[in-house]
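# Structural overview
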Amino acid sequence: LASQAFTKTSDEDKMIHAEIFNRHFEEAFMELKTLSEIQLLEGEKLTKGSGKIVNQSNIWAQLELAVLIILLVIIYLLIFSSKTIKSRISQDPSLN
């Protein structure tokens, strides 16, 4: 009889512990779900921010390329025009 009472109490304790465990598990699961949603929102913010940075970098790269091409054209024209100016000027060979 005493062993049956001990078994009943033991079974009741197991049920109580199982209910407590399940309740704690559900609370932890809900907290993890909330944290996951926060992480997703923060991840979206970071993605949008990095997208803006990439777009700005692309714009600057295009601007740098345009300036480089313009400078190359100016340098080419300066070199080309300086050769034609030298060839137009004729000096008297007897002056040397």
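Note: the structure precedes this text.
Attention in this report is confined to the structure presented alongside it.

## A closer look at a nonpolar patch on the surface
Taken together, the side chains of W60, L63, V67, I70, L71, I74, I75, L78 and I79 define a hydrophobic patch exposed on the protein surface, amounting to about 880 Å² of accessible area. Position of W60 among the secondary structure elements: in helix α1 (residues 2–88). The class of W60 is exposed, set by a relative accessible area of 53%.

## A look at the packing of aromatic side chains
Aromatic ring pairs are reported here in terms of the distance separating the ring centres and the angle at which the planes meet. Enumeration over the complete set of coordinates arrives at 2 aromatic pairs. Relative to F25, the ring of F21 lies with its centre 6.3 Å away and its plane at 25 degrees, an arrangement referred to as stacked. With a gap of 4 residues between them, F21 and F25 both fall in helix α1, about one helical turn apart. Residue classification places F25 among the exposed residues on the basis of a relative accessible area of 53%. Ring geometry for Y76 and F80: centres 6.2 Å apart, planes at 10 degrees, overall stacked. Within this pair, Y76 and its partner F80 are both found in helix α1, separated by 4 residues, close to a single helical turn. A relative accessible area of 55% means that Y76 is categorised as exposed.

## Re the pattern of salt bridges
Within the structure shown, the criterion is met by 1 salt bridge. Put simply, K45 and E42 hold a salt bridge, and the shortest N to O gap is 3.4 Å. One end of the pair is K45 and the other is E42, both in helix α1 and 3 residues apart, which spans about a single turn. Of the residues examined, K45 reaches a relative accessible area of 55% and is grouped as exposed. For E42, a relative accessible area of 39% puts it in the partly exposed group.

Definitions and limits used
- Residues numbered from 1 in each chain as written.
- Predicted model: local features only at pLDDT ≥ 70, side-chain atom pairs only at ≥ 80, totals over all residues.
- Heavy atoms only, no water.
- Patch = residues over 30% accessible without salt bridge, like charges linked within 9 Å, V, L, I, M, F, W, Y side chains within 5 Å.
- Areas by Shrake-Rupley, 256 points an atom, 1.4 Å probe, with all protein chains shown as cover.
- Salt bridge = Lys/Arg side-chain N within 4 Å of Asp/Glu carboxyl O.
- Helix = DSSP H or I, 4+ residues; strand = E, 2+ residues; numbered from the N terminus.
- Buried < 20%, exposed > 50% of the residue type's maximum accessible area, 1.4 Å probe, protein only.
- Phe/Tyr/Trp six-rings, centres within 6.5 Å; stacked < 30°, edge-to-face > 60°.

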